[in-house]
Amino acid sequence: MAIIHRTTLTPTKLELLTVWLPGRPWYRGGAGEPRLARAGGFRLDDPEGEVGIEFMVATDTAGPEPVHYLAPLTYRGAPLDGAEHALIGTTEHGVLGTRWVYDGCHDPVLVTELLALFEGRAQAQAQSLTDTPDHEIARSYTGSAPLPPAPAAPCAEDNKNNEDATDATSIAVAPGLTLRLHRVLRPAPDAVADRPEGALGHVAGHWDLPDGDRARAVFAVLHGG
């Protein structure tokens, strides 16, 4: 069970993302600095209790229209070997000390627990509360075989299986099995986010819009074949 500490982070998560986001291929902002606000998301627990796992929705209001980004993040007490390409930055936690913050798509602990969420073996947790399930997170898995854990090494992007690398990140998690995480979120019609046709599974989440309304969209999709 992850414990949510009420303490300081220097720099903050949003400050780290403000520097990191403009270098991503799916960034929708212009030449100026993004203006980010945390809008929602959820957490997963690492069974070993070593790695913090968070799926943050951050809204950028610097442009003429708000843009909503999904930032899967992991927080570690030491660097992850071989994951230098996925390091977002380091931050000083008021209780835990130095934390290495990674783009969680490349962290095998996040990918393994996300696969467990697809199957229903893991429970989405509230973003800012300890030991509080988030029942608004929807998940599905229609496959007949159990999903494997992610490879132990940092995960690499699989662009050949990515339908649109400018909006999403695809990870080959096993032969014939691709995990696709949506980076730019678009509210689903009528606030409903369903499993895409032909997908083996999906995870859908929610966030707050700048006008106060709530929105939902598919966060992650599992494809086979």
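What you see is a predicted model, and the numbers here were worked out from it, not measured in a lab.

Caption draft 1: Looking closely at helix α2 (residues 108-119). Under the 1.5 Å per step criterion, the end-to-end length of α2 is 17 Å for 12 residues, consistent within 8% with the ideal 16 Å. Here α2 lies mainly inside the structure; 10 of its 12 residues are buried. For α2, every residue scored as buried is listed here: Pro-108, Val-109, Leu-110, Val-111, Glu-113, Leu-114, Leu-115, Ala-116, Leu-117 and Phe-118. The N-terminus of α2 is capped by Asp-107, whose side-chain oxygen sits 3.0 Å from the backbone nitrogen of Val-109. Among the residues trailing α2, Gly-120 stands out with phi positive, at a value near 90°.

Caption draft 2: The packing of aromatic side chains, seen in detail. Applying the stated rule across the entire model yields five aromatic pairs. Plain terms: the ring middles of Trp-20 and Trp-26 are 5.8 Å apart, the flat faces sit at 65° to each other, and that makes the pair edge-to-face. Take Trp-20 and Trp-26: they sit in the same class, and that class is buried. In this structure an aromatic cluster arises from ring pairing among Trp-20, Trp-26, Tyr-27 and Tyr-69.

Caption draft 3: Quick look at the side chain of Glu-113. Mapped onto the fold, Glu-113 is located in helix α2. Salt bridges are absent for the buried Glu-113, whose nearest opposite-charge side chain, Arg-121, sits at 6.5 Å. Filtering out sequence-adjacent residues up to four positions away, Glu-113 remains in contact with Leu-44, Asp-45, Pro-47, Ile-53 and Ala-122.

Caption draft 4: Inspection of the pattern of salt bridges at higher detail. In this structure the tally under the stated criterion is 10 salt bridges. One salt bridge connects Asp-103 with Arg-183, and the closest N-O pair in it is separated by 2.8 Å. Taken as a pair, Asp-103 in strand β6 (residues 97-103) and Arg-183 in the loop between β9 (177-182) and β10 (184-185) lie far apart in primary sequence, 80 residues in all. Overall, Asp-103 belongs to the buried group, its relative accessible area being 6%. The partner of Arg-214 in a salt bridge is Asp-208, and the shortest N-O contact between them spans 3.0 Å.

Cut-off values and rules
- Residue indices begin from 1 for each chain and proceed along its sequence in written order.
- Totals for whole chains, interfaces and linings use all residues, but because this is a predicted model, local features are given only for residues with pLDDT of at least 70 and pairs of side-chain atoms are given and counted only at 80 or more.
- Just so you know, side-chain values use all the structure's heavy atoms and leave hydrogens and water out.
- Put simply, DSSP marks the helices as runs of H or I at least four residues long and the strands as runs of E at least two long, and each gets a number from the N terminus on.
- The span you would expect from a helix comes to 1.5 Å times its residue count less one.
- A 1.4 Å probe rolled over the protein chains alone gives each residue an accessible area, and that area as a share of the maximum for its type sets the label: buried under 20%, exposed over 50%, partly exposed in between.
- Two N or O atoms count as a polar contact when they lie within 3.5 Å, although within protein this holds only if one can serve as hydrogen donor and the other as acceptor, and sequence-adjacent residues are included solely when both atoms are side-chain atoms.
- Between 30 and 60 degrees the pair is tilted, below 30 it is stacked and above 60 it is edge-to-face, where a pair is any two Phe, Tyr or Trp rings, Trp via its six-membered ring, whose centres lie within 6.5 Å.
- When charges are counted, Lys and Arg are positive and Asp and Glu negative, with His and the chain ends excluded.
- By salt bridge we mean one thing: a side-chain nitrogen of Lys or Arg within 4 Å of a carboxyl oxygen of Asp or Glu.
- It only takes one pair of heavy atoms within 4.5 Å for two residues to be counted as in contact.

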